[in-house]
Amino acid sequence: MSKKIFAILLLSLMLILVACSTNESSEGGESGGNTPTNDNKDLIIAIGSDMVGFDIHDHNNTSTESIHQHMFDYLFKRDKNNELQPMLAESYEILDDQTVEIKLKKGVKFHNGDEFTAEDVKFTLERVAQTDTLQEHANYKQIQEVKIIDPLTVQIITKAPEPSIIHRLSRLGSGMLPKKYIEENGWDHFLENPIGTGPYKYVEWVRDNKIVFERFDDYYQGAVEEWDTVTFRIIPENSTRVSELLTGGVDIATNIPPADWDRVNNNDGTSLKQEVSNRTIFLNLRASDGYPTADVKVRQAIDYAIDDKTLAEIALKGAGIPVRSMVGPGNFGHEPSLYNSYNYDVDKAKQLLADAGYPDGFEMTFHSPKGRYLMDAEVAELIVGMLSQVGIKVNLQFMEWSSFVQMRNANENKDMYLLGLGNSMFDGAYAVDWFNAARNEGHTDYENQQVEELLAQSKVNMDPTTREKQIQEIQKVVAEDVPYVFLYLEKINVGVNDRVDFTPSSDEMLYAPNMSLK
C-alpha cells in the first residue's frame, strides 16, 4: 500500500473518529449544583479522569498533583515566571553538597488548627525517602535524614551530593503532611479525612464524580478571597465536558478536542486557552525476555512505523510537537536535536522487523487510557493502523484511568502502553531517571549499562555544565535504544468561561489561587 493511499485512509479514519467524538453519550460527574454566574465564588473545573487518591507519596500523576496543591503546600514553589521561591520555607542555606538548612515560616497551621513544625517536615520527607514501595520513593530516596535543629529549623541531609534537592522540594511528593494528626488517627483515617496547610480544606470526594474543597480561612498567606469553594468534576467524555463548558455548567474544561476549538471560541462567554505543556506522550515498551519488544530492532521498527507528524498535525490539529525525548525546552538538560524531530520510514521498519526474525510481523497487546490525554483514544487507534502497515497486529485495550494506574503499579503491563509524563521539577534528572534499570525491574525490565553509568555520574554531579551534558547524552542513547517510543510534546487546550481570568502554565497546574474573577 502506498504512503499516499495510507494517508487517505488515515484521514478517513480521523473523520470517522471525530464524528464519533461529537456524538458521545453523556457520562461523568454530576451536573449542576453551583452553575457559575458572574459573581458566584464557586469555581468548577471539569477534568477527564479522577485523581488517584490522597496519598501524596504514592502516585506520580500530574492531574492528581493539580488537585492536591489546594490542600498540601510545598517548602518551595514556582512563581508565575517559573522561578523557585520559598513557600513554607522562610529561608534556606546550602551548608555543603549534602546539606541544606531550611528555616520554616512561623504561624502556619494545618486545617485542624495544629501548628506546622519541623516535626512535620521530618515525618513527610523521611516517609517517602525510606519506603521503597511508594511511587515517589525514587524521587526522594536521595534523602538520608531530616535533622531537627529547632521547632522551625531543619537540615535536609542527602546520601550523596544532590544537585536537584531544591527542585525536589517544590513538587509532587513533597507536600507537607500532619505528623501528629496521622499518628493519632491512623493513615487510613487520614486518607478519608485529609488535612494539610494549603489554601483549601477537604469537603468530599465522590469517586469518579467530583472532589470538593472549601476555603481555609486561617491560611498563613491569608484566605483566598476570590473563591469560596473549588470543585473538580470528573467528566471523561469529551463531548459532555465541552457541553458543560458551553452551557455554563463548569468554569474550566480541560483537554478540549480539536473538533470543538471553534465551538468554544465562537460561543458567547467562553474561549480556548492554549500553552505548550511539559508533558510528553509516548509508548512504553516491554523489554522483558519473551516479548518481541525485548529486541531493540523491534522497538526501533515500531518507532519507524509510526508517523508522529501525522499524529501531531492531523489527529491533534497541531496541538502536539514531535519529539524523541521527554526533556522539553525550559527544562535543565534539554537536548535540542531531539525536539521537533521524529523517525518515520515504513520500509526501514519492515527491514528491522525482518532482521529481528519477524518478516511477517507479530501480534501484540496495547493498553491505552481513554479520556486522560488529549485525543488519546483516537491517537491509539491511529497507531494500531500504522503498525498494521508493517505487519504488526495490535490488540488494543482501552482502560478507565484508575484501572490503568492499577495495571501499571501491579506490573501487569504487556507489550506496550500509552502514557504521558509531565515534569513539574523542570530538571531533566527527573525525566531520565525513568530509564534507571532498578526502577524498571519487573515492569519493562529495560537496562542499558551506558545509561546506568551516565545516570550514576549525573546524580551526584554538582557542576551544572557537565551535568547538563550527561543528561543530554542519556537522551541520545535512549533515542537509539527506544525503550520508549516518544510521540509528541502535548499542548494544553483549556476551555475557560469569560468570567474567569486564567492563563494555563506548562506544568498543567489548575491552581485556584492563580485564577480570579474578571
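Note that the structure is a prediction, hence the values are computed from the model and not measured. (Residues numbered from 1 in each chain as written. Predicted model: local features only at pLDDT ≥ 70, side-chain atom pairs only at ≥ 80, totals over all residues. Heavy atoms only, no water.)

### Considerations on empty space enclosed by the protein
Counted under the stated rule, the structure contains nine cavities of 30 Å³ or more. In this structure, the largest cavity encloses a volume near 320 Å³. What lines the largest cavity is a set of 25 residues, among which Thr 254, Asn 255, Arg 372, Glu 508 and Leu 510 lie closest to the centre. A per-element tally of the lining of the largest cavity places strand S17 (residues 484–497) first, with five residues. Split by residue class, the lining of the largest cavity holds 10 nonpolar, 10 polar and five charged. (1 Å grid on protein atoms, 1.4 Å probe; cavity = no way out; pocket = protein on both sides within 12 Å on 5 of 7 lines; lining within 4 Å. Points joined across faces, edges and corners; volume = space filled by probe spheres on them. Helix = DSSP H or I, 4+ residues; strand = E, 2+ residues; numbered from the N terminus. Nonpolar A, V, L, I, M, F, W, Y, C, P; charged D, E, K, R; others polar.)

### Some thoughts on the packing of helix H9 (residues 296–305) against helix H11 (residues 346–355)
Running from amino to carboxyl end, H9 crosses H11 at an angle of 165°, the nearest separation of the two axes being 8 Å. Overall, the two elements H9 and H11 adopt an arrangement that is roughly antiparallel. Seen from above, H9 lies across H11 with left-handed handedness. Where H9 approaches H11, its residues Lys 297, Val 298, Gln 300, Ala 301, Tyr 304 and Ala 305 are matched on the opposing element by Val 346, Lys 348, Ala 349, Leu 352, Leu 353 and Asp 355. (Axes fitted to C-alpha atoms, helices over the stretch in contact; angles between N-to-C directions. Parallel < 35°, antiparallel > 145°, perpendicular 65-115°, else oblique. Left-handed = near helix turned anticlockwise from the far one by under 90°. Contact = heavy atoms within 4.5 Å.)

### Remarks on the pairing of strand S14 (residues 363–369)
For S14, the tally of buried residues reaches six of seven residues, placing the bulk of the element in the interior. Summarising the sheet, S14 and strand S15 (residues 393–399) pair through seven bridges and their orientation is parallel. Note that in S15 the partner of Thr 365 across the bridge is Asn 395. With helix H12 (residues 376–388) bridging S14 and its parallel neighbour S15, the resulting β-α-β unit is right-handed. (Buried < 20%, exposed > 50% of the residue type's maximum accessible area, 1.4 Å probe, protein only. Pairing = 2+ DSSP bridges. Right-handed = clockwise from strand over helix to strand, strands pointing away.)

### A closer look at the sheet that holds strand S4 (residues 89–96)
Taken in spatial order, the four strands make up an open sheet running S4-S5-S7-S6, and their pairing is antiparallel. Two strands lie at the open edges of the sheet, namely S4 and strand S6 (143–150), each paired on one side alone. In this sheet, adjacent strand axes meet at a mean angle of 20° when their direction is disregarded. Across the sheet, helix H3 (residues 118–130) is in contact with strand S5 (99–104), S6 and strand S7 (153–158); its angle to S6 comes to roughly 170°.

### Comments concerning the nonpolar core
Within the largest apolar cluster, 84 residues are counted, with the highest numbers of intra-cluster contacts made by Ile 302, Ile 306, Ile 383, Leu 387, Phe 435 and Leu 487. In terms of residue count, the dominant contributor to this core is H12 (seven residues). For Ile 306, the residues in contact, after removing those within four places along its chain, are Leu 283, Leu 311, Asn 343, Tyr 344, Ile 383, Met 386, Leu 387, Val 485 and Leu 487. Among the nonpolar cores identified, the runner-up in size contains 63 residues, and Ile 67, Ala 89, Ile 166 and Ala 512 belong to it. (Core = buried A, V, L, I, M, F, W, Y, C linked by side-chain atoms within 4.5 Å.)

### Focus: helix H10 (residues 308–315)
When H10 is considered as a whole, its buried residues turn out to be Asp 308, Thr 310, Leu 311, Ala 312 and Ala 315. Looking at where H10 begins, the residue whose side-chain oxygen comes 3.1 Å from the main-chain nitrogen of Lys 309 is Asp 307. Phi turns positive, to about 55°, at Lys 317, one or two residues after H10. (Polar contact = N/O pair within 3.5 Å; in protein donor to acceptor, adjacent residues only side chain to side chain.)

### A closer look at the packing of helix H16 (residues 449–459) against helix H17 (residues 464–481)
Where H16 meets H17, the closest approach of the two axes is 9 Å, and the angle between their N-to-C directions is 160°. When the interaxial angle is binned, H16 and H17 end up roughly antiparallel. With respect to the hand of their crossing, H16 and H17 are arranged in left-handed fashion. From H16, Gln 450, Val 451, Leu 454, Leu 455, Gln 457 and Ser 458 reach across to H17, where they touch Arg 467, Gln 470, Ile 471, Glu 473, Ile 474, Val 477 and Val 478. Residues belonging to the contact of H16 with H17 are distributed by class as follows: seven nonpolar, four polar and two charged.

### Overview of the side chain of Asn 284
Relative to the elements of secondary structure, Asn 284 occurs in strand S12 (residues 270–285). You can call Asn 284 buried: its relative accessible area is 3%. When residues no more than four places from it in sequence are discounted, the contact partners of Asn 284 are Asp 415, Met 416, Tyr 417, His 443, Thr 444, Pro 483 and Tyr 484.

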